[in-house]
Each structure stands twice: as structure tokens, then as C-alpha cells.
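In case you want the letters, here they are:
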Number of protein chains: 2
Amino acid sequence: MSSKKYVYLFSEGKADMKPLLGGKGANLAEMTGIGLPVPPGLTITTEACNQYFAEGQNFPAGMEQQLKEQLAEVEENAGKEFGNAKDPLLVSVRSGSVISMPGMMDTILNLGLNDQTVEAVAEISGDRRFALDCYRRFIQMFSDVVLGVEHYHFEQVLDKYKEKQGVEFDYQLTPESLYAIIDDYKKLVSRKAGLQFPQEAMEQLLMAVRAVFDSWHNQRAIVYRKINKIPDELGTAVNVQSMVFGNMGDNCGTGVAFTRNPSTGEKKLYGEYLINAQGEDVVAGIRTPQPIISMQKDLSTVYKQFVETCELLEKHYRDMQDIEFTIERGTLYMLQTRTGKRTASAAVKIAVDMVDEGLINKEEALLRVDPDQLDQLLHRRVKPDAVLNIIAKGLPASPGAASGKVVFDADEAEELNKAGIKVLLVRTETTPDDIHGIVAAEGILTSRGGMTSHAAVVARGMGKPCVCGCEGIRIDAAAGRFTTKDGVVVNDGDLISIDGGAGKVIQGDVPMIDPELSDEFQTLLEWSDDVRTLGIRANADNPEDAEKAREFGAAGIGLCRTEHMFMAQDRLPIVQEMILADSIAARKKALDKLLPMQQGDFYGILKAMQGYPVTIRLLDPPLHEFLPNAEELAVEITALKLKGKVQEAKEKDVLLSQVRALSEFNPMLGHRGCRLGITFPEVYAMQARAIFQAVVQLTQEGYDVKPEVEIPLVGHINELSRLRKLVIETGEQVKEESGVDFEYDVGTMIELPRACATAGEIAKEADFFSFGTNDLTQTTFGFSRDDAEGKFLHQYVEEKILADNPFIVLDRQGVGALMQMAVGQARTTKPDLLIGICGEHGGEPSSIEFCHQVGLDFVSCSPFRVPIARLAAAQAAVNK
Amino acid sequence: MSSKKYVYLFSEGKADMKPLLGGKGANLAEMTGIGLPVPPGLTITTEACNQYFAEGQNFPAGMEQQLKEQLAEVEENAGKEFGNAKDPLLVSVRSGSVISMPGMMDTILNLGLNDQTVEAVAEISGDRRFALDCYRRFIQMFSDVVLGVEHYHFEQVLDKYKEKQGVEFDYQLTPESLYAIIDDYKKLVSRKAGLQFPQEAMEQLLMAVRAVFDSWHNQRAIVYRKINKIPDELGTAVNVQSMVFGNMGDNCGTGVAFTRNPSTGEKKLYGEYLINAQGEDVVAGIRTPQPIISMQKDLSTVYKQFVETCELLEKHYRDMQDIEFTIERGTLYMLQTRTGKRTASAAVKIAVDMVDEGLINKEEALLRVDPDQLDQLLHRRVKPDAVLNIIAKGLPASPGAASGKVVFDADEAEELNKAGIKVLLVRTETTPDDIHGIVAAEGILTSRGGMTSHAAVVARGMGKPCVCGCEGIRIDAAAGRFTTKDGVVVNDGDLISIDGGAGKVIQGDVPMIDPELSDEFQTLLEWSDDVRTLGIRANADNPEDAEKAREFGAAGIGLCRTEHMFMAQDRLPIVQEMILADSIAARKKALDKLLPMQQGDFYGILKAMQGYPVTIRLLDPPLHEFLPNAEELAVEITALKLKGKVQEAKEKDVLLSQVRALSEFNPMLGHRGCRLGITFPEVYAMQARAIFQAVVQLTQEGYDVKPEVEIPLVGHINELSRLRKLVIETGEQVKEESGVDFEYDVGTMIELPRACATAGEIAKEADFFSFGTNDLTQTTFGFSRDDAEGKFLHQYVEEKILADNPFIVLDRQGVGALMQMAVGQARTTKPDLLIGICGEHGGEPSSIEFCHQVGLDFVSCSPFRVPIARLAAAQAAVNK
């Protein structure tokens, strides 16, 4: 009766047998298969594990027999015999599931040692202390993992003997002490576990295998699987491998190496090794490892073999490898190889180099670089190895690092900046009044507000570092200082730094490195452009950002917000005049003043983007955002009254009642977007006129401009059709007045669930759609981003209620389903409708992949994320 | 060559030929067909109109010929000849489209009059003044409508002659004056229109027909169609009908009648008439009409015929008719019949009576009553004919009328109420602190807040009249008065009234009528119950409301909100203690105090609803709703500081910073619903325990209770599965502690677009779904109800951007589409899943129809709307 095959020799497996052999087992088999010197061994399959549980924690029929037979093969291969008292084979036992699971069973090394074999090892190695120490460690490890006798019991014994002998380190213990310790250990096991420490090698092995199987269902593993949604049915494999030793003399050694420089990508072996040492000696830091190149001198034959092996591995795996090896008495053993981690710049260089070397093709190269990593290359950042005095953490609102003197006031920031002093603007939150201060500052730090707060949005647009919602600091602007949770006081003028990509606030200056835009980087992006089908645009509100975006490869502006243009210091009074106007005539008067300013804005941005489309969104935020804060006003009035300044108080009272009339319970869901255009058509008419007059001006100057007028927050076709008409009427007027003909499109943001549900209707009145996934995520989830991120979203992500923050990674299941519905309906109405995305997801790789999959035409993101989007779009196309 | 049939005699048409003959034409044809004495006439079809425009405003081939031929039939029928100088046929010409369109062409009467025929009419009628006045009016009407000579020109002429003759009324003009006027009229036409007033009858007719056709495309009609979405292709028909005259002597007359009493429904002819008069004499009010019964004496033969005709019409149309008639020289002519408008109580009585009479069946009877009208019968209301001094208008937040003395303070309201004085509570807005005042008051009036503001929700729950968001009044509570826009000052203690169904604020007392719950009303509701498939539940938060709901026929509670229970004066301090707790232990201490109170709440409501399911929603609103207002606190602190009360200010400062920490930018989208349950599981655990302990208590007392625990605001299955587990664990604990076994369900509100998009997933963890369409409408549209209704929604509805306020009538296209998606997905997962609706739409007939259509199991509404929902659900079932 032949049973199922439960045990595979390394030489019988392959890399693609991962589900059966686990990740580690398959990997060892693969290396064995391509002829590398891997210490021989075998893998007990995941099926055996599953069957073990199916049969009530009994080994499946035939497994034990197979294990013994295959172990005989390993013995033959290793030239040693398991349990043999003269030349014993020692093995390691490791678990190995399909998906790597930290928190499962620990490794057991040196299994096969017992009172006899330890003497044989002492003989063979010529180092009794070494042999005894191996045995001691084995007893300790085995007892802990298999018998459940906890570590600290053994440590107590060890400490007792170290004290007795008057030494500090384990390796200083004499063989005599070690004998005594081993004796005490065995007594401990007998007392705690109620059995004699097993002396029979096969008994040890079977107990270890059972322990690995059992560990699949220990508490840690169950919780880990639950959190990470790993199915219980996968099971774990067990790897049994011959031990090799790098610490048996000067023809031994151990080391780690990368096949290329993981920091720069340079094609040159990179790593270090130690003669006559074990892996743990390297970690212990007692001896200083040598650079790998010195092996050439010390062990030239082995070095040559090692170099060849590395080359072979790179060719085989077609990627840079991270290798662990041991040399036992002049023989090289490969213990592990895996794809090596690398910096962003190394990833780019290696990918491009490997194409040049013919090792991979361009499409593969594109997949080798994590688009998110590119962010590192596009901003000044904190030197990776710098020691930082982090005093607080907030939200990573805008990437990059900055240092400067703390200022609490925008005017002061501007003044100091003019005097050539670098400043960091620190505010509870910023408002439109602070714009000039933000412009002047190196970076922004706020104690309130989320990733879409005013400070965050403005800073990202400008590519300035920003840390937001840093609730751990208490700002007392009046006193000119802020205090951290730990009581650190930072005064006006003190030097601090922020890391906007990590949300860190750092005391003092920090060393920084500049963006690295290598030739390879450019090459990779060009390849991306060849492959991708998604268009890439940028979100930009001013000519500088537009130029930056263009430089980074954006082929258009997908979102030009017009409200930021209203926030400039010289305009705000006019904007307020417009808002507080008590008649249409008065409002038009204010709008007439704004018209030439807006025209200038659009002139600049359209010119910067000539030849490419520019989507200009008409006014979106609620009007009260441009007004003073009601509460501050109320407090001011109370103070004025109590001070007897009745007349002043009265005037402010009028303003307060106007502010109150415009204030809202839920501004996010209030009187904004196209609703403003419906109730105050003169505002949208002014904006449309400003756009068209700029177009006329540019057309007359010979520029080719492509304006797209975008109506925000449409939920019903009637909103769009009415405002589209208003825009077109304005366009016709301008054409008639100027005698210049020009082209333009009128479209809408799709950012409400109702717009998705009725997209087929809305498409009838639209020349284009652009998904505003920030707002769409807010309304689909019913999450106010500003509130959610501070109050509960963090916990949601931490406790895996949500896999990701949906404001960062597009929620495919919910928001994505609505988008898909919208695209389907819209393309039924108009098969060629231009559809893009301009929410922040437009610069996030996973979201970009989804956009590609549902058939969008373009993504639009902040200028600094354009390269990331180009690569991510290419990857989506390759992966499809 | 035979052309298409463009002209139909009334005797050739039928009611179902409306698309071809228009509404009026088809109706006249129907009456003719059943043998009623309709003055003969013909209809030119809508097709002729469309063809007229297709051929560049030329009559289609054959139409003119057909018109002449058919007119000959009319002449024969009428026994008079068109244009005949001895016994001329006069006709009226009217437009008549398929859908009634006010703002289209005016009627032309007496067409066929000219200088000869007017003399014939004078002879035949024996009344020259009458004949001449008809001619004068005809010239004026024809010239205005057909020739575009405006009315006021003719009025000037008329005034001139009245002055000359020294009389006040038209009918006082002598024949001599009329001859002169006619002469002047003709000169006027010649001067203004550049042609002689047409004397030839057929020429007059063709010109009139052309004018009717042309009116289809006049500006008024185009705008009207656009606004009302009436297709341009419908076209209008033209009705040409013989004139009859009720003012040719004492055997003539005219009148209007209802076949039953439209006010009470009593089966008895109801109406009035005038001997020797025309319709316009009744309107002019110069002579007092007689009750219809007096016709029996005056014109007994005609009366008998009229009674028979009325009976015939009722039998034919199978509904109460509103009839216009004329008697010309002893001959009865029916000029119009249409279904008569009636009061709610008449509608109910007539419907039930007609079933008893065998005229209609029960299902038809159900369709005869407008469910919304029933609201009138369920509340005390303002007497319909009362003269009201309306001083302001607000939102109709809770129906019914109330009068009382104005109080601005809840404590005062309670005090006065105890003293037996009826009060109306007037507040800027109400808060949980005001609950005792609301209980004590007859009704509530607020100057801020929408239909879902605290005052509105609480008042509706209690069935108390409420007018909200009455922005036209300025309240100065400190001074004890409010002032309206028009400057009316109302002082503390003044008597005012409100009409909560119409949003009216009325000075002084008003006469009111009590609810009318007739036997017929009960019968109709019982029939509804036989027919409907939708279950009806009520939204109720306390035993009194639950009992009311049960009385009205609710079979369960679909939504019991638990937050209102937190707002009672004696609990609020404990709730605040719970919220502001700085540790879980402190929070649990406060929760322990709340537990017995909540248990008492649930005990009461479950007991009141024994035998029926009660859905209890766990805490939903954001916690800061239970705290003082930040701005008020800030003002208070500033004042305290300036007054030197440093210590007090400091204490308040601590509270303020706690309030601030809990405050949100968009509370509607913030930290509320199940998000509270996730972050503060101890709160939900306390509520679940309170429910289960109440269940144990009731079970031990022998009651059969069916609790359904509802988790609000779920957007992701993980939220529900975690909280479901918490509830079930609590349930198991209570079972174990008490030794009592009990059943319960755990389900969720579906009130977020994401919940709809992933309903198939969510259904896995739910025993039931209940659509929260208030919030679902807010998130689907991105409308904050509180903001939208005050800021732009009014304009949206007024200008037809939205057909209805989506918070009142469920938006089928958007919100409905998401609901349908959710039902489809959920029923795929669990075919038998119980699905209901508990938003306010659950009590609105059109929304109920939609709920029936998409297959919901129940609707839940406020207790006072339960009868409405029963009828609406029955209608939905009948109409399906």
C-alpha cells in the first residue's frame, strides 16, 4: 500500500512548489536544483500538516516511514549518519508556511546532539567548548519550543555558572562549567516537563516535527492569520536540514552579501564576512566583520566559487540577491538567497542596468521599482542614517524635509524670509490669511487639521514639507512658544526641523540629502511612457506648479482649483466684499474687481501648459471659508463690550451676524460647489469670462490653449445643464466681443454617489468627467476626512477594520464599485467620453492600477507625484 | 385622394382618445357618447397641429375641407347654420392639449357673430343689449387672441362710453352706446392690426384655429413645457363647440353642482344655480345664487333630467362629479364634468359608500383617497375658513395647530403648564436641556434649524405641532420678546398660534377643529390591511408613542432611538460625566449609573409593544451633542476673565478644551454611529445589557417580547461583525447570569452609499436591514439637510432643478438606485433577509410605493403617519 508523498528531498522540489513545500522549502529546493552547494535536507509537506490535524493530531499514515527513508538519503549526501556516535549528522528544524508568518515556531538548531554525539562533535571540531555550547543551546531551544519549558529557567542556570566562574560572556565558560550546566539543564527539564531529555535522535526529530505542526494552531499564529486574513487551511511545512559550521577553524567562516550595492545599485558584490565564526557572532558585534572583497585574499578558491555562485543566482532569479553563506572547512554552503531590499535609487539603477545587460526586459524592469519609493527621490529628505531628536509626531501631510526658525505668525514669517532667514511656520491651523506666510516658510507645522486641511492642501500644491494635526503639541502663540507632550518647550526663533513624509517634528537642524534624478530614472520613466495607456496630468493652481508638473512629465492639468486664487492677501478683502454684498449689483461690483485678477491667473496657467488641456474647476468651497471665524468674533465682541467700546462692538456684531448666516453645520455637505453657481450665477459667470478672456488674449498672442471648464459637485443633471448653459452663453459673449473664435469643453467632477448612480444621464451634458475621489470617499463612507483621521480612522486601520486609509488607497469595493457603475453608464451614453480622476488617489499606485482597470483615460495628481503616476500607470498596463 | 382624418365630431370620439383629441375634446366626446345633452361640436386633432408646423405653418392638406364638412354635421345637429343671418350658429373655440397647460391660448366665445348675425341673435333672444354685448366681447377677445391687439386698448374705449353714459357696470350700457362702442372697436382693430375685422364666419373660424395652433409655440407655452418637462411633440387640439346661452329668459339658467357633498361626502346633490344668467354672473357676485334644490320648484322637468344626468355621470365615471351646466330655454346642456375635488373626510366617506353601493370595488376605493390628505384627519388643525393674521413663516416641521402664551424658557414653560396655562415654547433652537419645556408646551417655534433639527425630531415624535427655522423672526430672549420682519413685536406672555403643517406663525388665537376618525376611516384602513403586503411599523422612543402607534395600527417599532433617552434632564449630567471620563474605569462608572435607567426605558417600550418586534438602535449621534456649546463657553470665559474671575474662568477653560476636542467640522460625517461603538465598546455593551436585562424581566413577567438590536451607520462588514459579536457576547452573559433564555436579532441600518454598494457582504452578518433614508439621502446627494433646506434646496425645488425635496419624497433615480442595488445584493446572500425602511420617507406615499416596488418587508414611520402608510402601502399593492 503506497501512501501519499509527504516528504520531499531538497533535490526533488522546485520554486513553484511553494503551496506544498512552503516558501523556505521551495527556495532551498530551487537552489539545490540549480546545483548550488546547499546543505542537504528535506521538507515535510503542508499536506502532511493538514492531514495531521484531520486525524486528530496524529502523523498521517506513511509519513514517519517516508521521513526515515528520505533522511537516509540526506545522510548519504552529507556523508554523516543521524545519531551516529562517531560522525553524527546534526540538523536544523524550521517551520515554513506558504506566506511568511512571524510569530510562528522558532528554529531548532543542532538537533541530533546527545550525550554521545556531543563528544564526537568535540573530537571532530577539535573544540570541546564549542561542542558543549552547541549541546547546551540545543537543550535550551528544544525544551522551550517542544517541551514548553520557558527560557528564563535556563538563563537562571547559566547566570549562576557565569557568576560562579566570574565571567561575563557565554563563550568564556569552561568545558567544565558547561558539563555542569548541561547536567543542571537536564534536571530542570525532568522537573518542569516531567520527562527525561530525549537522547535518541529520531525521537528528538519526531517530537520537533510535531511541535512545528502544533505551532500552526498556537494563539499567536491564529491571531496573526486572522489579522492578515491568511486562510487556516494553508498549513505549514517542516524543513529538516543538515547543520554546517563556520566556526571550526580559520578555513571556516560565515557572511552575508548582496549581488549589487543595495544603496546605490552599483554592479559590485557588497557585503561582509567573518573568518571562523557563526552567524550570531556577526550579530553580537564582538568582532568586526571584513568587507567581502578581503575574502579574495583569505580564501581565494572559495571566493572565486562564491562570486560564480552569486552570478549564477542573479542570472537564475534575474534580480539582485541577498545571500547568506557559511564556509565549513573550505567548503562553501549557501544557506539562503532572496531578492535583496534596496533603496529607491538602487532599484532604479539595477532595473535599468539589468535591461542593458539583457537579463530582463523593459516591462520587467518597470515592475522592479516600487512607485511609492520614488517619492524619496523627488524631495529633499532627512539623511537616512541621521540621529534625530524627535519631539512630536503628526500627519505626514506633504513630503520632504525642512529646517528653520519657529515663527507663529505669517507676517513675521514673511519679514524674516525677506531678511534671508529660513523659517518654519507653526500654527494651530492655517487659513487663507496665512498664505503669504506659507509661501515664505520652508515648511508648515500645524496642531490641528487632517490631510486635507488648508495647510496640507496648500503645502502639497507648493511641494513644501508639511506636518499637520500634530495634536501632541500645545501652541501658545501669544506667549511665543509651543510645548510637547513630554514637556519640551520650543520658543519663537528656536531651530526645528520637520520630516513631512514621516510626520516627524525634530529638535534642531538635521542633515539632508538632495533629490536624485539620475539618467536611469529618466530612462525608466521614458519606458513607462511607452507602455502606459493612462494619461498623466497634474493638479496645479499656478504657473509655477504647472511648469514643475510639465517638467516632471505631466501632459495637462487635471485640476486647477480657483479658490486658492481667492485667498491671496490682496484679494481676500474683495472676495469678502463680494460675499457680504447685499444686492446683486453690489456683488457684481466686487466681481468686476476680481475679473482682471482671475483673468491674469488663468492667463499664466494656460500659457504654462500651452498645447495641453487645462481643467479649470469653478469655485467650490463654501463662502464662509473666506470669512473670519465666528467664535473669535464673538469673543472679541464680548471683550469690546466689557471694555465699553460699544460702537466697535456694534460694527463687529453686524459682521458676526453675516458670518453666522453663512455658517453651516456640515460645510462639507453644504452650500458649495455647483450649488453656489446656481444660487450666485454671477460668480460662475465672472469665472467663465475670466477664463475665456485669457484664452482670447493667448490666442491673439499665438498660443495654442485647451481650456476645460469644470463644474464641481454635480449630483443631478439639471445642475450641470443649467450651468453648462451659463458657461456657453458667456463663451459666446466673449467670442462676439473679441471677434476671436476658440474651443473649449465643459464637464463635471463626479464626486457624489448620486452622480455615480445617474452618470448615464449626467454624461449627456458633459464633455468630460473627472472623479473627485476625495469627496466621493467622504460621501460614500460618510466620513468627514478632517474628523475621521483624528478621531477613529487611525484605530480602524490599526485594528484592520479597514485594510487601508481609504483617503490614501482607493477603496475598490465601495468607492470603486460606484466609479465602475459611473464609467459603465457614462460610456453607454457616450462611448468616447473623456474620464479621469483628480482626487489625491490619482497619485497613489494601487489606486492608479484600479483606474487603469476600469478604463479611465487619465489620472491627475500633485506635480511631485507625476513620476510616480507615470511608473504606476505603466505597471498597471504591464500587469493587465 | 383621401387624406388623414384630422377632424372628429364629439360623437366620434371617446375618453381614451386623449392623445389625439386632447383632454377637453376627449372628455366632451365621452359625455356625448353616453347620450348626455352636450352642445354639439368637433375637435381638430393634435396631429393636425403637428402637421401644421411640419409644413411651415400651413394647414395640412384636407383639414380645411374636413372642418367644413364636419361643421355641417354640427349645424345639422344644432339646427342652426354657421354665418346664417337669420338663425346663426355661434361657436366657442378652445385649445386642448393632452396635459392641461395653463398659460396657453385663451378661449374665444361667440365666434360667428358679425354685423348681420348680431341682429339675428338680438331678434331670437329678444334682448338687443345682450346680443350687442356678446358681439362687443367677441371682437375684443378675437382681436386680442388672434390679431394681437391688446386688451387695454378696448378697455379704454369701454371706459370712455361708461363715463359718457354715467354708469358703473358694463350691463348698464344702452344698445346705443354698444353700437358706438362696436364701431370704435372695429376702427381700433383696423388701426392696430391693419385689417378690417373679419365679418365672414368661416374666415373667423380658420383664423382662430391658426391662432390656437400658433399658441403652442408661444413663449409662455415653451417655458411652461420646459419647466414641466412636457414634450414639444404632443401638439394641441382645437375644440369648436356650439354656444348655448343661459341668459335668454326665465326658462334659462346656469349652475355648478357636485354629485355628493364635497365637504362631508354625504350622498346628496350639492351646488347652486342662477335663473336667467351666464357663468360669469355667478362669478361677478352681483346676484346671489340659489341652492340647487330650489331648481326643483323653478324648473321641475329640467331638474328631474338634471338629477338623472348626475346619476348617470356618477355611474359612468364611477366617481363623484363636479358639473357645469346651462339651461337654454328649458333645455339642459352639460358643459363640463370632471372628478370633483373633496376634503379628506369626504374622500373617505365617498370611497367607502361607493363600495357599499356596488359602484366600485374595495381596491378602487383604496385608490380614491390621497394618503397625504389623511394627515388632516389625524391632528387638531386650523379651521379651514378661518381668517388668520400670519406674522411669519417657517418650516412645517411637525403637523397640527396649537395656541398658547409665548415663553422663551423651558423652565418657565414647565411652571406655567403646571399652573394650567397653555404655552408655546419659542427658542432660537432647542437642545436636550429643553426637553421638559417641550413636553410642557402646546407647540414649538424655533428661528433656526431644519426639518431634522432637535426641536423638529422631538416634536414629531411627540405628535406636537412645531414650526422650525423661522428665520423671519428675531428672538431677544433676554428682553423677553421676538420681532418679525415686518416689525411686529411679540412679548413674553402674548398669545400666538402656529400651524405646524403649513409652517405658519399666527398672531392671537385661532379656531381649530378636532381630528375626525370616522367609521368609514376605520373601514378603509381595514381594507388597506387586507390588500397591502408591506408591513407597517412606527418610529417611537417611549411607551406613550409606542401605544399611540399600536392604536393607529403599527405592528412593531421599526426605529427606537436611544439617544433621546440620554437627553432627559436627570440623565444629561451622567451622560456628560460618561463622555468626559478620562479613563475607561471612570466611563464605566458613569455607564453603571445609566444602565438601570436605560433598562427602564426598554422595559417600558418592549412591554407596550409586546407580541411585536421592536428595533432598538444603539447610540448614534456624535457625543458633543450632549455637551455645552463651545462658542457660548468661550464668550463666557472671556467675560469671566475680564471681570477678574480667574479661577472660574480656568475651570471653564478645561471644559472648553474638552468640548473642543470632541467638536467636529462635519458632525454628520464624524465620530458617530457604530464608530462610537468601535471606539467606546463599553457604551454599546451597556446598552445591549440594558436591552437584555429588560427582556429577562419581561420574560419572567410572562410577556412575549421581540427585541431587534440595531447597529447604526455601518459602512463596512467588519464594523458590523465586530459589534454583532459584542452584542451577542453581552446577550450570552445576561442569559447566564439570569438563567433566562431569550431570542433576539442583530441587524443594521443601511444609510451609507458604501453599505449599499457592499450590502451583499454586510448581509452575511445581519439578521435584518433597515434603510435609514434620511442619512442615505444626505450622503448620496452630499446634502446636509440642516444646511441645504435653509440655503439652496428651496430654490432647487422652486426652479425645478429637483422635482421634489429629496428629504420628503424619496429620490428614486439616485437614492432609490442605491437601495435597489442593496436589496438585490442582500437577497442574493440571504433570500429571506428582513428589510425595512425607517427614514422619514417611510411615511410618505410615493416613497412607500417605491419601497413596495423594490420588495421591502416593512416601512416604519412616526406614529401619526401610520394610517397614511397603511393606505399608501395598500395603494402600492393595488397599483402593482
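Nothing here was measured: the structure is a model prediction, and the numbers come from that model.

Residue-level account of the pairing of strand S5 (residues 91-97) of chain A, with values.
In summary, the side chains of a regular strand alternate between the two faces of the sheet. Residues and elements named next belong to chain A. Most of S5 sits inside the fold, with 6 of its 7 residues counted as buried. Two elements, S5 and strand S6 (residues 108-111), share 2 bridges in a ladder whose sense is antiparallel. Note that in S6 the partner of Val93 across the bridge is Ile108. As paired elements, S5 and strand S7 (residues 236-242) share 7 bridges and run antiparallel to each other. If you follow Val93 over to S7, its bridge partner there is Val240.

Report on the side chain of Thr483 of chain B, specifying residues and quantitative values.
The topology assignment puts Thr483 of chain B in strand S21 (residues 481-484). What Thr483 of chain B contacts, discounting residues up to four positions off in sequence, is Gly472, Ile473, Arg474, Val488 and Val489 of chain B.

Give me the lowdown on the packing of aromatic side chains, citing residues and values where you can.
Across all of its chains, the model carries 42 aromatic pairs over all chains by this definition. Ring geometry for Tyr52 of chain B versus Phe59 of chain B: centroids 5.7 Å apart, planes at 40 degrees, classification tilted. Each member of the pair Tyr52 of chain B and Phe59 of chain B is classed as buried. Pairwise contacts between aromatic rings join Tyr52, Phe53, Phe59 and Phe213 of chain A into one cluster. Directly above the ring of Trp216 of chain A sits Arg225 of chain A, whose terminal nitrogen or CZ lies 3.9 Å from the centroid.

Which residues make up the sheet that holds strand S30 (residues 745-750) of chain A, and what values go with them?
All names here are of chain A. With respect to topology, 8 strands assemble into a closed barrel ordered S26-S27-S28-S29-S30-S31-S32-S33, the strand pairing being parallel. Averaged over all neighbouring strand pairs, the angle between strand axes comes to 30 degrees, with direction disregarded. Across the sheet, helix H35 (residues 866-879) touches strand S26 (535-539) and strand S33 (858-861), and the angle it forms with S26 is around 155 degrees.

How would you summarise the side chain of Ser398 of chain A if you had to cite specific residues and measurements?
Residues and elements named next belong to chain A. Residue placement: Ser398 occurs in strand S15 (residues 395-398). At 2.7 Å, the side chain of Ser398 and the backbone oxygen of Lys464 are in polar contact. For Ser398, the residues in contact, after removing those within four places along its chain, are Ala459, Arg460, Lys464, Pro465, Cys466, Gly500 and Gly501.

Please give an account of the relation of the copies chain A and chain B that cites residues and values.
Two chain copies here: they are related by a rotation about an axis and a translation along the same axis. In the superposition of chain A on chain B (RMSD 0.3 Å, axial shift 0.0 Å), the rotation amounts to 179 degrees. Such values leave the two copies arranged in the relation of a two-fold axis. Here 100% of the contact residues of chain A are again contact residues in chain B; the copies associate through an equivalent surface.

Tell me about the nonpolar core, residues and numbers included.
Ranked by internal contacts, the top residues of the largest apolar core, which has 320 residues, are Phe771 of chain A together with Phe771 of chain B. If we skip the residues at most four places from it in the chain, Phe771 of chain B touches Ile750, Cys756, Leu776, Met819, Ala822, Val823, Ile835, Gly836, Ile837, Cys838, Gly839 and Leu856 of chain B.

Quick rundown of the pattern of salt bridges? Include the residues and the values.
Residue and element names in this part refer to chain A. Summed over the entire model, instances satisfying the criterion amount to 104 salt bridges over all chains. Here Arg342 makes a salt bridge to Asp319, at a shortest N to O gap of 3.0 Å. A residue pair is termed long-range when its members are at least 10 positions apart, and Arg342 in the loop between strand S12 (331-339) and helix H13 (344-356) and Asp319 in the loop between helix H12 (300-317) and strand S11 (321-328) qualify at 23 residues. Across the pair, exposure class does not vary: Arg342 and Asp319 are buried alike. Between Arg617 and Glu563 there is a salt bridge, with the nearest N and O atoms lying 2.7 Å from each other. One end of the pair, Arg617, is in strand S28 (residues 613-617); the other, Glu563, is in the loop between strand S27 (557-561) and helix H21 (572-580), and 54 residues separate them in sequence. The same class applies to Arg617 and to Glu563, which are both buried. Several salt bridges share partner residues, and in doing so they unite Glu563, Arg617, Asp620, Arg672 and Asp775 into one network.

How would you sum up the interface of chain A and chain B? Please name residues and give values.
Taken together, the 59 residues of chain A in the interface contact 59 residues of chain B. Summing both sides of the interface, chain A and chain B together bury roughly 5,400 Å²; the carbon and sulfur share of this comes to 56%. Taken as a group, Phe665, Leu669 and Arg754 of chain A account for 13% of the area that chain A buries against chain B, more than any other trio of residues on that side. If you look at where chain A meets chain B, you find 6 salt bridges. Between Arg722 of chain B and Glu799 of chain A there is a salt bridge, and its shortest N-O distance comes to 2.6 Å. Connecting chain A to chain B are 36 residue pairs in polar contact (both at pLDDT 80 or more). When residues in the side of chain A that touches chain B are grouped by element, the largest group, 7 residues, is from helix H23 (residues 630-642) of chain A. The residue inventory of the side of chain A that touches chain B, partitioned by class, reads 25 nonpolar, 16 polar and 18 charged.

Go over a negative patch on the surface, please, and point to the residues and values.
Residues and elements named next belong to chain A. A cluster of acidic residues, Asp409, Asp411, Glu415 and Asp492, forms a negative patch on the protein surface. If you trace the backbone, Asp492 turns up in the loop between strand S22 (489-491) and strand S23 (495-499). Take Asp492: its relative accessible area is 35%, and that puts it in the partly exposed class.

Reading guide: rules and limits
Going along each chain's sequence as written, the residues are numbered from 1 onward. To read the labels, note that chains go from A and ligands from 1, taken in the order they are written. In keeping with the model being predicted, local features are shown solely for residues with a pLDDT of at least 70 and side-chain atom pairs are shown and tallied solely at 80 or more, while totals for entire chains, interfaces and linings include all residues. Values shown for side chains rest on all heavy atoms present in the structure; no hydrogens or waters enter the calculation. Exposure classes here rest on a 1.4 Å probe applied to the protein chains alone. A residue is buried below 20% of its type maximum, exposed above 50%, and partly exposed in between. Secondary structure elements are defined from DSSP: runs of H or I of at least 4 residues count as helices, runs of E of at least 2 residues count as strands, and each element is numbered from the N terminus. DSSP-based pairing: two strands are paired if at least 2 bridges between them are found. The contact definition used throughout considers only heavy atoms, calling two residues in contact when any of these lie within 4.5 Å. The aromatic pairing rule takes the rings of Phe, Tyr and Trp, using the six-membered ring of Trp, and pairs them if the centres are within 6.5 Å, calling planes under 30 degrees apart stacked, those over 60 edge-to-face and the rest tilted. We call a charge positioned above a ring when the Lys NZ or Arg CZ atom is no farther than 6 Å from the ring centre and deviates by at most 35 degrees from the ring normal. The angle between two axes is taken between their N-to-C directions and runs from 0 to 180 degrees, where each axis is a line fitted to C-alpha atoms and a helix contributes only its stretch in contact. As used in this structure description, the phrase polar contact means that two N or O atoms lie within 3.5 Å; if the pair is within protein, one of them must be able to donate a hydrogen and the other to accept it, and residues adjacent in sequence are counted only when both atoms belong to side chains. We superpose the copies by least squares over the C-alpha atoms of residues that have a pLDDT of at least 70 in both of them. Among buried residues, those of type Ala, Val, Leu, Ile, Met, Phe, Trp, Tyr and Cys that are joined through side-chain atoms within 4.5 Å constitute a nonpolar core. Salt bridges, as used here, are contacts in which a Lys or Arg side-chain nitrogen is within 4 Å of a carboxyl oxygen on Asp or Glu. Buried area, as used here, totals the accessible surface that two parts lose on assembly, with accessibility defined by a 1.4 Å probe and the loss added over both. In this count, Pro and Cys sit with the nonpolar residues alongside Ala, Val, Leu, Ile, Met, Phe, Trp and Tyr, while Asp, Glu, Lys and Arg are called charged and the others, Gly among them, polar. A patch is a set of surface residues, each over 30% in relative accessible area and not in a salt bridge, joined within 9 Å for like charges and within 5 Å for the nonpolar side chains Val, Leu, Ile, Met, Phe, Trp and Tyr. In this description, accessible areas are obtained by the Shrake-Rupley approach with a 1.4 Å probe, and a residue is regarded as covered only by the protein chains that are shown. Under the counting rule used here, the positive set is Lys and Arg, the negative set is Asp and Glu, and His together with the chain ends is not counted. Every charge is mapped to an atom, namely NZ of Lys, CZ of Arg, CG of Asp or CD of Glu.

Such coordinate-based values are descriptive only and should not be taken to indicate function.
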